[in-house]
Amino acid sequence: MDIEQFIGFERARRDCYKLLAACFYQPQKAMLLNANVFADLGNMLSGVCPDAAPFSEIMAASVMQYDDEELLVEYARLFVGPNELLAPPYGSVYLEEGRKVMGESTARALEFYKAEGLSMDEEFQNLPDHITAEMEFMYYLAYQAVEALEKNDREKAVHFLNRQEVFRRTFLDGWVVPFCEKITEGTENGFYRALAGCLSVFISKADRCAMPEELRDSLARV
């Protein structure tokens, strides 16, 4: 894969993070359908992580089986409460002893954001290690990497590619798959089961070996 091909690959992987994050917000069926989230996700995944692509079709079909209230009730039951959460969407619950919310790993995630000049939006009502925050941060890093590659700014591109790898290894690799398992164990809702399957496979198998050798060598020296 040459640099131009890798830019296209990284652009698609970037958009997968954004589209998957959108599915973990409070469900708005019309918005998901009108924005072509599932079709776009399937198209992006087909080149980035083919094993995850079929889940997007299942998501598109299964979401039609529920009305907004049914989706919202299941969303709350899994991720919000008021009862015990069946699938807590916070990294610290899985990364730290005692299933703590707002633990040391949460503070470390926030430090990553701040190091890139970002702060939490006042309108964002969740913690810094919520699944949507971490996925959107990966989108941001990939966006910056793509932009730098398009401008042939290799130093900046390597920085953002490196930050992606470090953040993924430090956080997402350690908790997203167990989180998805909790979703699958906790619901019979076809949409959320398919979403869990899609995210789990994407995080586990998205092809990170597509990077051209010259960029891999540069990352190895960082």
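Just above sits the structure.
### A closer look at the overall build of the chain
1) Next: When you go through the chain residue by residue, the secondary structure sums to eleven helices and zero strands.
2) Next: For the chain, the sequential pattern of α-helices and β-strands runs α-α-α-α-α-α-α-α-α-α-α.
3) Next: Here the C-alpha atoms of the chain give a radius of gyration of 17 Å, agreeing with the 17 Å that 2.2 N^0.38 yields for 222 residues.
4) Next: Per-residue burial over the chain gives 51% buried out of 222 residues.
5) Next: Contacts spanning at least 24 positions in sequence make up 70% of the contacts within the chain whose residues lie at least 6 apart.
6) Next: For the chain, the computed accessible surface area is about 10900 Å², with 48% contributed by carbon and sulfur atoms.
7) Next: Once the 22 positive and 37 negative side-chain charges of the chain are each reduced to a mean point, those two points are 4 Å apart.

### Concerning the pattern of salt bridges
1) Next: The full count for this structure, using the stated rule, is nine salt bridges.
2) Next: Taking the shortest distance from any N to any O, the salt bridge between Glu 10 and Arg 13 comes out at 3.1 Å. Of this pair, Glu 10 and Arg 13 both sit in helix α1 (residues 3-22), three residues apart, roughly one helical turn. This pair shows no difference in class: Glu 10 is buried, exactly as Arg 13 is.

### Comments concerning the packing of helix α5 (residues 68-80) against helix α9 (residues 154-186)
1) Next: Two elements in contact, α5 and α9, have axes whose closest approach is 11 Å; the angle formed by their N-to-C orientations is 130 degrees. Classified by the angle between their axes, α5 and α9 sit oblique to one another. For the pair α5 and α9, the crossing hand works out as right-handed. Here Glu 74, Arg 77, Leu 78 and Phe 79 of α5 lie close against α9, whose contacting residues are Phe 179, Ile 183 and Gly 186.
2) Next: Across the contact of α5 with α9, the residue classes tally to four nonpolar, one polar and two charged.

### Quick word on the nonpolar core
1) Next: Phe 179, Phe 191, Leu 199 and Phe 202 are the most contacted members of the largest nonpolar core, which totals 75 residues.
2) Next: Looking at this core element by element, the count peaks at 13 residues for α9.

### Focus on the packing of aromatic side chains
1) Next: With the rule as written, the count across this model stands at 22 aromatic pairs.
2) Next: Consider the rings of Phe 38 and Phe 191, whose centres lie 5.9 Å apart with planes at 75 degrees: the pair is edge-to-face. Within this pair, whereas Phe 38 is found in helix α3 (residues 37-48), its partner Phe 191 is found in helix α10 (residues 190-205), the two being separated by 153 residues in sequence. Like Phe 38, the residue Phe 191 is buried in the burial classification.
3) Next: Look at Tyr 139 and Tyr 143: their rings are 6.1 Å apart centre to centre, the planes differ by 45 degrees, and that puts the pair in the tilted class. Taken together, the positions of Tyr 139 and Tyr 143, both in helix α8 (residues 131-150) and four residues apart, correspond to about one turn of that helix.
4) Next: Joined through ring pairs, the aromatic side chains of Phe 24, Phe 38, Tyr 75, Phe 79, Tyr 94, Trp 175, Phe 179, Phe 191 and Tyr 192 make up one cluster.

### Focus: the environment of Gln 164
1) Next: By the secondary structure assignment, Gln 164 is in helix α9.
2) Next: Separated by 22 residues in the primary sequence, Gln 164 and Ala 142 place their C-alpha atoms 7.1 Å from one another.
3) Next: With near-sequence residues (within four places) excluded, Gln 164 lies in contact with Glu 10, Arg 13, Met 138, Leu 141, Ala 142 and Ala 145.

### Re the packing of α8 against α9
1) Next: Interaxial distance between α8 and α9 falls to 9 Å at its minimum, and their mutual angle equals 160 degrees. Taken as axis vectors, α8 and α9 run roughly antiparallel relative to one another. Classified by chirality, the crossing of α9 by α8 is left-handed.
2) Next: The residue makeup of the contact of α8 with α9, split by class, is 18 nonpolar, two polar and six charged.

About the criteria used
Residues numbered from 1 in each chain as written. Predicted model: local features only at pLDDT ≥ 70, side-chain atom pairs only at ≥ 80, totals over all residues. Heavy atoms only, no water. Helix = DSSP H or I, 4+ residues; strand = E, 2+ residues; numbered from the N terminus. Rg over C-alpha atoms; globule rule 2.2 N^0.38 Å. Buried < 20%, exposed > 50% of the residue type's maximum accessible area, 1.4 Å probe, protein only. Contact = heavy atoms within 4.5 Å. Areas by Shrake-Rupley, 256 points an atom, 1.4 Å probe, with all protein chains shown as cover. Lys, Arg positive; Asp, Glu negative; His and termini not counted. Charge placed at Lys NZ, Arg CZ, Asp CG, Glu CD. Salt bridge = Lys/Arg side-chain N within 4 Å of Asp/Glu carboxyl O. Axes fitted to C-alpha atoms, helices over the stretch in contact; angles between N-to-C directions. Parallel < 35°, antiparallel > 145°, perpendicular 65-115°, else oblique. Left-handed = near helix turned anticlockwise from the far one by under 90°. Nonpolar A, V, L, I, M, F, W, Y, C, P; charged D, E, K, R; others polar. Core = buried A, V, L, I, M, F, W, Y, C linked by side-chain atoms within 4.5 Å. Phe/Tyr/Trp six-rings, centres within 6.5 Å; stacked < 30°, edge-to-face > 60°.

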